[in-house]
There are 2 protein chains.
Amino acid sequence: MISRNVIPKLKAIVGPKNLLTTPEERWGYAYDATDREAMPEAVVFPGSAAEVAAIVRLANAHRFPVVPRGAGTGKSGGSVPIEGGVVIVLTRLNRILEISRPDLVAVVEPGVILTRLKQAVETQGLYYPPDPASADFCTIGGNVAECAGGAVAVQYGVTRDYVLGLEVVLPTGELISAGTRTMKGVVGYDLTRLFLGSEGTLGVITRITVRLVAKPAARQTLAAGFATLAAAAEAVSLILTSGLAPTALEFMDHVTLSCVKELLPFELPEGTLALLLMAVDGHPRDVEDRATRMARFCREQGANPVLRAKTPEEAEGLWRARKVISPALLKVKPHKVSEDVAVPLGAIPALIAGLQEISRRRGLIIPSYGHAGDGNIHVNVLYDRQVPGEREMANLAVEDIFTIVRKLNGTLSGEHGIGLTKAPYLGMELSEAAMALQRRIKQAFDPHNIMNPGKIFPGPAQRR
Amino acid sequence: MISRNVIPKLKAIVGPKNLLTTPEERWGYAYDATDREAMPEAVVFPGSAAEVAAIVRLANAHRFPVVPRGAGTGKSGGSVPIEGGVVIVLTRLNRILEISRPDLVAVVEPGVILTRLKQAVETQGLYYPPDPASADFCTIGGNVAECAGGAVAVQYGVTRDYVLGLEVVLPTGELISAGTRTMKGVVGYDLTRLFLGSEGTLGVITRITVRLVAKPAARQTLAAGFATLAAAAEAVSLILTSGLAPTALEFMDHVTLSCVKELLPFELPEGTLALLLMAVDGHPRDVEDRATRMARFCREQGANPVLRAKTPEEAEGLWRARKVISPALLKVKPHKVSEDVAVPLGAIPALIAGLQEISRRRGLIIPSYGHAGDGNIHVNVLYDRQVPGEREMANLAVEDIFTIVRKLNGTLSGEHGIGLTKAPYLGMELSEAAMALQRRIKQAFDPHNIMNPGKIFPGPAQRR
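Predicted model, so just to flag it, every value in this text is computed and none were measured.

With that settled, consider the relation of the copies chain A and chain B. To go from the first copy of the chain to the second, apply a rotation about an axis and then a shift along the same axis. Expressed as a screw transformation, the operator carrying chain A onto chain B has a rotation angle of 180° and an axial translation of 0.0 Å, and the superposed copies differ by an RMSD of 0.0 Å. Overall, the copies show the geometry of a two-fold rotation axis. The overlap is high: 100% of the interface residues of chain A also sit at the interface in chain B, so the same surface is used on both sides.

The subject of this paragraph is the interface of chain A and chain B. With 78 residues of chain A in contact, the opposing surface of chain B contributes 78 residues. Summed over both partners, the interface of chain A with chain B buries about 6200 Å², with 63% contributed by carbon and sulfur atoms. Looking only at chain A, the three residues that lose the most surface to chain B are Lys-184, Val-186 and Tyr-189 of chain A, adding up to 16% of its buried area. Linking chain A with chain B are eight salt bridges. A salt bridge links Arg-285 of chain B to Asp-289 of chain A; the nearest nitrogen and oxygen atoms lie 3.3 Å apart. Put simply, the parts of the chain that give the side of chain A that touches chain B at least two residues each are strand S9 (175-179), helix H7 (191-195), helix H10 (284-300) and helix H15 (432-445) of chain A.

Mapping Thr-159 of chain B onto the fold places it in the loop between helix H6 (153-156) and strand S8 (163-169). Apart from residues no more than four positions distant in its own chain, Thr-159 of chain B is found in contact with Tyr-128, Pro-130, Asn-143, Val-144, Cys-147, Ala-148 and Leu-196 of chain B.

All right, on to the packing of aromatic side chains then. Residues and elements named next belong to chain B. Counted under the stated rule, the structure contains 14 aromatic pairs over all chains. Where Tyr-127 meets Tyr-156, the ring centres are 5.2 Å apart and the plane angle is 80°; that geometry is what we call edge-to-face. Of this pair, Tyr-127 sits in strand S7 (residues 126-127) while Tyr-156 sits in helix H6, placing them 29 residues apart in sequence. Just as Tyr-127 is buried, Tyr-156 falls in that class too. On the numbers, 4.9 Å between centres and 70° between planes, the contact of Phe-402 with Tyr-425 is edge-to-face. Of the two residues, Phe-402 is situated in helix H14 (residues 390-407) and Tyr-425 in the loop between H14 and helix H15 (432-445); the sequence distance between them amounts to 23 residues.

This brings us to the pairing of strand S10 (residues 204-211) of chain B. Residue and element names in this part refer to chain B. Counting buried residues along S10, six of its eight residues qualify, which places the element largely inside the surrounding structure. In this structure, strand S6 (residues 105-108) lies alongside S10, joined through four bridges in antiparallel fashion. Its bridge partner being in S10, Ala-106 is matched across the sheet by Val-210. Relative to S10, S8 is paired through six bridges, and the arrangement is antiparallel. Residue pairing across strands places Leu-166 opposite Ile-208, the latter belonging to S10.

Residue and element names in this part refer to chain A. Where helix H13 (residues 348-362) meets helix H14 (residues 390-407), the axes come as close as 10 Å, and the angle between the chain directions of the two elements is 155°. Relative to H14, the element H13 is oriented roughly antiparallel. As for how H13 packs across H14, the hand of that crossing is right-handed. Contact residues: H13 offers Ala-350, Leu-351, Gly-354, Leu-355, Ile-358, Arg-361 and Arg-362, while H14 offers Met-393, Leu-396, Ala-397, Asp-400, Ile-401, Ile-404 and Val-405. Here the residues of the contact of H13 with H14 sort into 10 nonpolar, one polar and three charged.

In many reports, interface size means the accessible area that the parts give up when they come together. Residues and elements named next belong to chain A. What the domain assignment lists for chain A is domain 1 (6-89), domain 2 (96-214), domain 3 (218-326) and domain 4 (332-418). Look at where the C-alpha atoms of domain 2 and domain 4 centre, and you get two points 29 Å apart. Taken together, the contact between domain 2 and domain 4 spans nine residues of the former and seven residues of the latter. In this assembly, domain 2 packs against domain 4 so that about 530 Å² is buried in total across both faces, 44% of it on carbon and sulfur atoms. For domain 2, the biggest contributors to the area lost against domain 4 are Glu-146, Val-154 and Glu-199; these three give 57% of the whole. Linking domain 2 to domain 4 there are zero salt bridges. Counting across the domain 2 and domain 4 interface gives two residue pairs in polar contact (both at pLDDT 80 or more). Among the residues making up the side of domain 2 that touches domain 4, the classes are represented as five nonpolar, two polar and two charged.

The next subject is the packing of helix H8 (residues 229-241) of chain B against helix H10 (residues 284-300) of chain B. Packed helix pairs are specified by the crossing angle of their axes together with the interaxial distance, meaning the distance between the axes. Residues and elements named next belong to chain B. Running from N to C, H8 and H10 cross one another at 140°; their axes reach a closest spacing of 10 Å. The orientation of H8 with respect to H10, classified from their angle, is oblique. When you trace H8 past H10, the crossing you get is right-handed. Residues Ala-235, Leu-238 and Ile-239 of H8 pack against Met-294, Phe-297 and Cys-298 of H10. In the contact of H8 with H10, the residues fall into six nonpolar, no polar and no charged.

Before going further, it helps to examine the pattern of salt bridges. Opposite charge on two side chains permits them to pair, given that their charged atoms come into close proximity. Residue and element names in this part refer to chain A. Tallied over the entire structure, the rule returns 46 salt bridges over all chains. One salt bridge in this structure joins Asp-289 and Arg-293, with 3.8 Å as the shortest N-O distance. Linking Asp-289 with Arg-293, this pair stays in helix H10, spanning four residues, or about one helical turn. On the basis of relative accessibility, which here comes to 18%, the residue Asp-289 falls in the buried class. Overall, Arg-293 belongs to the partly exposed group, its relative accessible area being 26%. Salt bridges here are not isolated pairs; linked through shared partners, they connect Glu-357, Arg-361, Arg-362 and Asp-400.

This brings us to the environment of Arg-308 of chain B. Residue and element names in this part refer to chain B. Assignment of secondary structure puts Arg-308 in strand S15 (residues 306-308). Take Arg-308: its relative accessible area is 26%, and that puts it in the partly exposed class. C-alpha separation for the pair Arg-308 and Thr-292, spaced 16 residues apart in sequence, amounts to 9.2 Å. Not counting residues within four places of it along the chain, the set of residues in contact with Arg-308 comprises Gln-220, Thr-221, Leu-222, Glu-288, Ala-291, Thr-292 and Glu-314. A distance of 2.9 Å separates the side chain of Arg-308 from the side chain of Gln-220, its partner in a polar contact.

Rules and cut-offs
- Residues numbered from 1 in each chain as written.
- Chains lettered and ligands numbered in written order.
- Predicted model: local features only at pLDDT ≥ 70, side-chain atom pairs only at ≥ 80, totals over all residues.
- Heavy atoms only, no water.
- Least-squares fit on C-alpha atoms with pLDDT ≥ 70 in both.
- Contact = heavy atoms within 4.5 Å.
- Buried area = accessible area lost by both parts, 1.4 Å probe.
- Salt bridge = Lys/Arg side-chain N within 4 Å of Asp/Glu carboxyl O.
- Helix = DSSP H or I, 4+ residues; strand = E, 2+ residues; numbered from the N terminus.
- Phe/Tyr/Trp six-rings, centres within 6.5 Å; stacked < 30°, edge-to-face > 60°.
- Buried < 20%, exposed > 50% of the residue type's maximum accessible area, 1.4 Å probe, protein only.
- Pairing = 2+ DSSP bridges.
- Axes fitted to C-alpha atoms, helices over the stretch in contact; angles between N-to-C directions.
- Parallel < 35°, antiparallel > 145°, perpendicular 65-115°, else oblique.
- Left-handed = near helix turned anticlockwise from the far one by under 90°.
- Nonpolar A, V, L, I, M, F, W, Y, C, P; charged D, E, K, R; others polar.
- Domains from an automatic or database assignment.
- Polar contact = N/O pair within 3.5 Å; in protein donor to acceptor, adjacent residues only side chain to side chain.

Encoded structure:
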């Protein structure tokens with residue numbers, strides 16, 4: 001519990017309008033896009049890095065947790081204040097400070113909504129590729145904290161690959177700069193990429209410098225239906241080693257398809273039990289050529305039909321259907337556990353087969369979809385809290401999934417992070433020695449363990 | 001000084017054939033590609049990760065420095081054993097353990113020569129892009145430790161962008177795995193990228209998993225001569241914002257040109273005072289199209305002549321000339337300080353103008369060349385130790401260079417690292433708070449400060 005005299009001090013830092021203390025107000029900041037929730041004791045909306053630093057210094061003096069938060073669209077409970085304390089919402093720090101065409105960089109505050117940044121740079125003929133499905137809502141600060149990915153990561157990489165420099169309030173209250181405004185840089189340890197994906201446990205990001213690329217001259221979108229999921233998974237592996245170099249390569253299984261099919265801009269024939277959604281970027285002639293080869297290749301792998309989006313609206317419709325999958329799955333069952341495991345590219349068919357086996361054995365619906373092109377599969381274990389034992393069975397299925405993923409040399413999370421929901425499983429991936437080292441790193445940054453405690457590492461956190 | 005009873009213990013670990021103790025033998029491991037040198041007290045060639053771990057544990061027990069070393073081609077003194085101790089040469093760990101086409105990864109030991117890896121993957125139609133000029137000699141382990149770049153980084157990125165996972169002997173002697181075999185991964189802190197560019201101060205890398213890409217179907221190489229360096233620098237900025245997306249974009253100034261011109265596969269007209277060397281990768285038709293547009297663009301910027309390599313041999317000749325620049329500059333003066341500053345892309349013309357001013361003011365020849373396409377310029381301050389005061393003047397010029405680079409929002413090193421030679425200048429880039437944090441990270445890894453002490457951080461290192 002934070003002490004009573006902390007609240008007036010918080011009010012003095014951010015002003016009374018930017019502090020929430022009633023349960024009704026605080027409730028909106030108790031949860032994210034997972035099924036976990038925990039009430040914060042106070043919620044603050046700082047208006048500057050200096051205010052963030054003052055809050056963090058206060059937290060150090062009084063030893064209360066601080067939990068940075070963007071839009072709360074996270075999928076691993078990273079912003080859920082599991083140990084109480086103060087949620088620092090960064091949405092007021094929402095300025096696009098600079099878009100530099102000569103330097104091919106943008107400098108932004110963490111509260112900028114991703115789509116706003118993407119649109120702003122596109123008006124200048126530039127492109128910021130990362131595109132998590134929540135792009136219209138999520139903040140760039142959250143993207144950095146979780147190392148968000150998205151569909152075009154197959155060609156363009158993830159958030160990590162675009163962040164050049166950061167300004168961060170350390171857990172000890174100092175404001176530091178990490179990284180560069182240059183394309184290359186190797187001065188000292190790579191703090192920038194250490195903060196990337198550190199899930200708000202190593203500091204509060206207050207400014208971000210990203211690199212931009214030229215907007216691709218053309219993009220084509222294709223969809224290919226398959227009669228079995230196994231056939232689609234096999235086609236993915238073959239496309240990836242074919243040299244066709246897709247920009248995006250997504251798949252949906254039949255449960256997923258059934259949830260979003262009315263959103264698709266065309267009708268799929270009966271018996272289509274899996275869909276591949278593909279994009280190809282580049283110079284117009286090259287794109288035309290590669291899309292044609294991709295379509296032919298899919299047909300050779302047994303796809304029927306293979307459709308090419310004829311208009312930007314058709315393409316947009318396909319991607320829109322893809323983006324709403326996660327909430328749409330709740331049509332099937334009221335609750336779900338979302339995982340985003342990743343496996344080596346060649347292991348995708350084996351993972352798909354394994355998931356089907358787990359689904360049968362546990363008697364649960366486990367739809368999967370997502371970024372097949374980089375082996376990052378979104379696996380959703382559906383359940384109903386009202387059905388006795390179903391939540392527990394879902395947890396067993398999650399363990400089964402992680403077991404097979406590790407057997408296939410995969411990883412527990414491709415882009416959602418460990419946060420709260422996957423912390424108990426961390427030992428399935430990291431050895432004792434690796435986890436001890438990670439804890440020592442955490443302590444080097446955050447000696448009093450005030451910064452987003454209870455995340456990443458298993459077990460309760462200790463304030464020091 | 002290492003204690004007398006350490007030598008027999010080292011011998012017991014690696015065997016007598018893999019231990020060097022005489023001054024004549026050790027001398028070969030006292031220096032790298034800089035002008036610094038320091039004698040190691042012993043040199044060992046471990047044959048396995050377990051042997052590396054045993055050596056490191058011994059170093060911890062007896063508190064002597066261990067300095068990992070690949071081929072010794074580093075350009076910042078990273079492998080020079082400035083505080084004595086034991087040099088661990090990793091050239092016996094030189095197996096390519098696996099090249100997986102289905103997974104698009106390779107798993108290698110650190111002592112593999114870069115060109116050997118590149119050739120091995122190319123026979124399978126794959127490509128490992130990083131290409132430092134020392135590719136024929138340097139080891140992949142050294143590439144990872146320094147985060148090596150090279151000419152094609154403009155399109156493909158640097159070593160950091162290809163390393164998925166590492167096996168590392170920590171300074172405390174434990175062997176850990178970091179990272180993944182998957183394309184994406186966000187489990188815990190990003191230790192992989194923390195080791196990338198950590199210059200042998202955080203552990204000894206014993207195994208490396210890199211991602212591979214499809215071998216580009218075609219590449220064209222172009223060269224464009226300019227009458228002034230300023231015009232060439234201006235053309236670089238314009239090419240980068242034109243959307244032409246070069247794969248490589250290198251420049252050479254007139255001193256550099258004079259040192260390598262007989263190696264060029266064509267003659268340049270009188271009055272050519274700067275050369276741009278460009279490559280374009282991709283699908284053959286796309287490459288043809290972009291190369292034509294690039295050539296036209298250069299002509300519009302005043303280039304004359306603009307030449308396209310007509311055969312692979314001509315292209316190879318151009319790149320060979322580029323790769324020997326560093327040693328070739330010693331034709332002009334017997335000694336040099338090599339810097340590899342990087343500036344934001346739009347600041348390249350200002351940097352070039354600044355370098356010319358420093359050269360005039362200090363009365364020194366300061367040729368520059370390198371990776372203009374990512375703002376990473378190799379600046380060489382030439383001097384002669386025999387000329388009284390010239391070495392000191394070179395040091396002043398280096399400070400001038402760093403001062404202007406920082407004024408332009410640039411970084412002290414784009415790809416060579418801080419090592420020994422740039423450690424005194426670290427404070428020009430990192431704040432007190434950032435440097436203190438980096439020292440805490442170092443201590444979290446290496447409590448006794450045995451691992452490559454005296455590197456990165458300014459001031460003498462203390463064994464604890």
